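Chains, contacts and geometry: an overview
Here is what each chain is made of, one letter per residue.
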Amino acid sequence: MAKKDYIDLKTAIPGPKGLEWYARDRAAISPSYVRPYVLVADHAEGLEVVDVDGNTYLDFTAGVAVNSTGHRHPEVIKVIKDQADKLVHMSGTDFFYPIQIVLAEKIQEIAPGPTEKLVWYGNSGAEAVEAGLKLARWHSKRPLALAFFGGFHGRTYGAVTLSGSKAKHREGFSPMLQGVVHVPYAYCYRCPLGLTPEMCDFRCIGMIEEVMERIAPPSDIAVMVTESIQGEGGYVVPPAGYFQKLRQLTEERGILLMLDEVQSGMGRTGKMFAIEHWDTEPDIMAIAKGVASGLPLGIMVAKKTVMDWKQGAHGSTFGGNPLSCAAALKTIELIQNGMMKNAAVQGEYIMKHLRQMQKRHPLMGDVRGMGLMIGIEFVKDAKKTKAKDESTQLVLEAFKRGLLLLPCGENSVRLCPSLSVTQDQCDVMLDIWEESLAAVEKQMNS
Ligand SMILES: Cc1ncc(COP(=O)(O)O)c(C=O)c1O
């Protein structure tokens, strides 16, 4: 098959109706949202999104890693409809309903590690992170939290305080939550210590120990919070052995380890949760985005011994909504029955081809990722000068050609398609990628 099977552009991009909606949006909706280009979606199926002008695009964003099973997977839509015919809302904080319990049992089954777990429900990634942070303070009775440069955990006050990816998320909002100390992450392509993984002996973890010696006494630290693979920060993958070391460091000091798997979880990396690549069991974990194929759901899962807060301590009116729980159960089933394996296979295929392309295009400074969580960092030269404009331009060139991409970090582009992506769709994406890259290179040289 070819490009024309997935992409059909009938008008100028964006089209006239898209521009009308854009004008209405600007007059009615908060200016704080980040839209890199004007895509006004009308309907979608699988990896194909049709805009209000009837143009069809190939979606390698999955609605920011949310449509894990593809847009409107028929089996997911069916269980949502069936659930809507039975019960839409009851509030799990105040009443019981079976689908919420069945999903919690499933989460207990798939959460990494052998220790017994309990589940808390919210509606978003930020809420799941907030809940984990509150639980860590409650359980440990300690005030501080460690978080990482480059991390992103959401927009509510606790979550944004834990984040360390972009100052604009904080600008004008201080004071932040008290007691959060940031430490360097294992961003090996731009090692904060100027070392290489072969000879560094995890010196960045040594720096965390130094922070504990000088600034944040370990006996005051409730929790260390980190993404397994940084998302918004640029799809940054730590080296082998990294999380085992962090686990040891935290365990030895009685500090809880909370993993944010909001973007990296739900089969995206070829395992149900990315942390499984490091064979590490967290004490607390946040799940959202891809868990319910597009319906809002945030889940905080923690060791039973840790989730010891008392009745009334924390809840959510809408959290664990019946429709979202039904969608999540079906999503997990689809992920387990083939999609997770497909994520590993297609991810490897994309990486192989991108790495070949990297040899022809020095702009592609780093190609990294696991499964279908792939980031490409753009650089201007051998000194790795950040090519911010070029990475932004690449996303726009791809859009003009009918391929939906999103940036991440300062100068990277992410590929996070639905886990149902086919090799054929990967080939179309790769063709458009190289074509778009050539257009960016031409502009650079002109
Ligand atoms: C790793 C991570 N954590 C938390 C969040 C926040 O999730 P939400 O936007 O659902 O609150 C995001 C969102 O991008 C994320 O990528």
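In this text the structure is predicted, and so the values were computed from the model without any measurement.

A short note on the pairing of strand E9 (residues 284–287)
Neither face of E9 is left uncovered, since the one carrying Ile284 and Ala286 and the one carrying Met285 and Ile287 both have all their residues buried. Summarising the sheet, strand E8 (residues 256–260) and E9 pair through 3 bridges and their orientation is parallel. Note on E9: the bridge partner recorded for aspartate 260 is alanine 286. As paired elements, E9 and strand E10 (residues 298–303) share 4 bridges and run antiparallel to each other.

Things to note about the packing of aromatic side chains
Throughout the structure, instances matching the rule amount to 8 aromatic pairs. Aromatic side chains phenylalanine 148 and tyrosine 185 sit 5.7 Å apart centroid to centroid with 80° between the ring planes, which places their arrangement in the edge-to-face category. In this pair, phenylalanine 148 is assigned in strand E5 (residues 144–148) and tyrosine 185 in the loop between strand E6 (180–183) and helix H7 (197–200), connecting sequence segments 37 residues apart. The burial state of phenylalanine 148 is the same as that of tyrosine 185; both residues are buried. Using a relative accessible area of 2% as the deciding quantity, one classes tyrosine 185 as buried.

Overview of the sheet that holds E9
An order of E4-E10-E9-E8-E7-E5-E6 is seen for the 7 strands of this open sheet, with the pairing classed as mixed. The two strands at the open ends of the sheet, each matched to only one other strand, are strand E4 (117–122) and E6. Ignoring strand direction, the axes of neighbouring strands in this sheet form an average angle of 20°. Taken together, the 6 bridges between E4 and E10 define a ladder with antiparallel strand orientation. Its bridge partner being in E10, tyrosine 121 is matched across the sheet by isoleucine 299.

Criteria and thresholds
Residues numbered from 1 in each chain as written. Predicted model: local features only at pLDDT ≥ 70, side-chain atom pairs only at ≥ 80, totals over all residues. Heavy atoms only, no water. Buried < 20%, exposed > 50% of the residue type's maximum accessible area, 1.4 Å probe, protein only. Helix = DSSP H or I, 4+ residues; strand = E, 2+ residues; numbered from the N terminus. Pairing = 2+ DSSP bridges. Phe/Tyr/Trp six-rings, centres within 6.5 Å; stacked < 30°, edge-to-face > 60°. Axes fitted to C-alpha atoms, helices over the stretch in contact; angles between N-to-C directions.

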